[in-house]
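# Geometric and topological summary
These are the residues of each chain, in order.
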Amino acid sequence: EDQVTQSPEALRLQEGESSSLNCSYTVSGLRGLFWYRQDPGKGPEFLFTLYSAGEEKEKERLKATLTKKESFLHITAPKPEDSATYLCAVQGGQAGTALIFGKGTTLSVSS
Amino acid sequence: GAVVSQHPSRVICKSGTSVKIECRSLDFQATTMFWYRQFPKQSLMLMATSNEGSKATYEQGVEKDKFLINHASLTLSTLTVTSAHPEDSSFYICSARDLGRGRAGELFFGEGSRLTVL
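Residues numbered from 1 in each chain as written. Chains lettered and ligands numbered in written order. Predicted model: local features only at pLDDT ≥ 70, side-chain atom pairs only at ≥ 80, totals over all residues. Heavy atoms only, no water.

Quick look at the interface of chain B and chain A now. Across the contact, 18 residues belong to chain B and 16 residues belong to chain A. Each partner contributes to the roughly 1600 Å² buried at the junction of chain B and chain A, and carbon and sulfur atoms together form 55% of this total. Counting across the chain B and chain A interface gives one salt bridge. With a closest N to O distance of 3.7 Å, E111(B) and K42(A) form a salt bridge. If you list the elements that add at least two residues to the side of chain B that touches chain A, you get strand 4 (32-38), strand 5 (44-51), strand 9 (90-98) and strand 10 (106-109) of chain B. Here the side of chain B that touches chain A is built from residues that sort into nine nonpolar, five polar and four charged. (Contact = heavy atoms within 4.5 Å. Buried area = accessible area lost by both parts, 1.4 Å probe. Salt bridge = Lys/Arg side-chain N within 4 Å of Asp/Glu carboxyl O. Helix = DSSP H or I, 4+ residues; strand = E, 2+ residues; numbered from the N terminus. Nonpolar A, V, L, I, M, F, W, Y, C, P; charged D, E, K, R; others polar.)

Pasting the structure below:
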């Protein structure tokens, strides 16, 4: 069964305290792994797409990496405005072109 | 960038009434749109895949007669929750893929529609 598991469920950081979020997946025929940011009461906002193991992408304080079984979202020197829920999703397997989402990691950054 | 717009953003209705939610791709054409539902502190769950000019494909456990989907044009898909009940209260989010962006096409999401059924 296609599955996406994110950990931890919640993460509290001090401003400037770097950390990583994990996304483990099992899917047959991965076509892409996606990271989204979701603020309360809003739709997901696209961050990155990774297509193959070894690929890395960066955007400001965020860096996403991909292996054959998991992806990491590294947050360097986070700021309070980085507080949000970060969602990981995969495309492939039985879902076809739709995305299979994990439950997300809720990040809180305090100043 | 590509934008997907949903309307209404919030709707409150009485039990037994029907509610229509619109999803529009504003600057690209989308032959396929996806409808998701998200309960509090839960992941987005795919409800159905909306195909322009043909019937929608529903996920297992989603009642097609209750959640009517119409994809009448390349920029508009609608989700109608018929005879809504309190258990249908949720956050409904649509998404559309811009095939002109990225290798697999970037999937953009609307702002979501919060449905509350009294």
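We now examine unusual backbone geometry. All names here are of chain A. Of the consecutive residues S7 and P8, the connecting peptide bond is found in the cis state with omega at -10°. Considering the arrangement of structural elements, one finds P8 in the loop between strand 1 (3-7) and strand 2 (10-14). Of note, E60 is a non-glycine position whose phi angle comes to about 55°, a positive value. Mapping E60 onto the fold places it in the loop between strand 6 (56-59) and strand 7 (62-66). Take E60: its relative accessible area is 72%, and that puts it in the exposed class. Not every positive phi belongs to a glycine, and A77 is a case in point at roughly 45°. As for its position among the elements, A77 is in the loop between strand 8 (70-75) and strand 9 (84-92). Among the residues examined, A77 registers a relative accessible area of 35% and is labelled partly exposed. (Buried < 20%, exposed > 50% of the residue type's maximum accessible area, 1.4 Å probe, protein only.)

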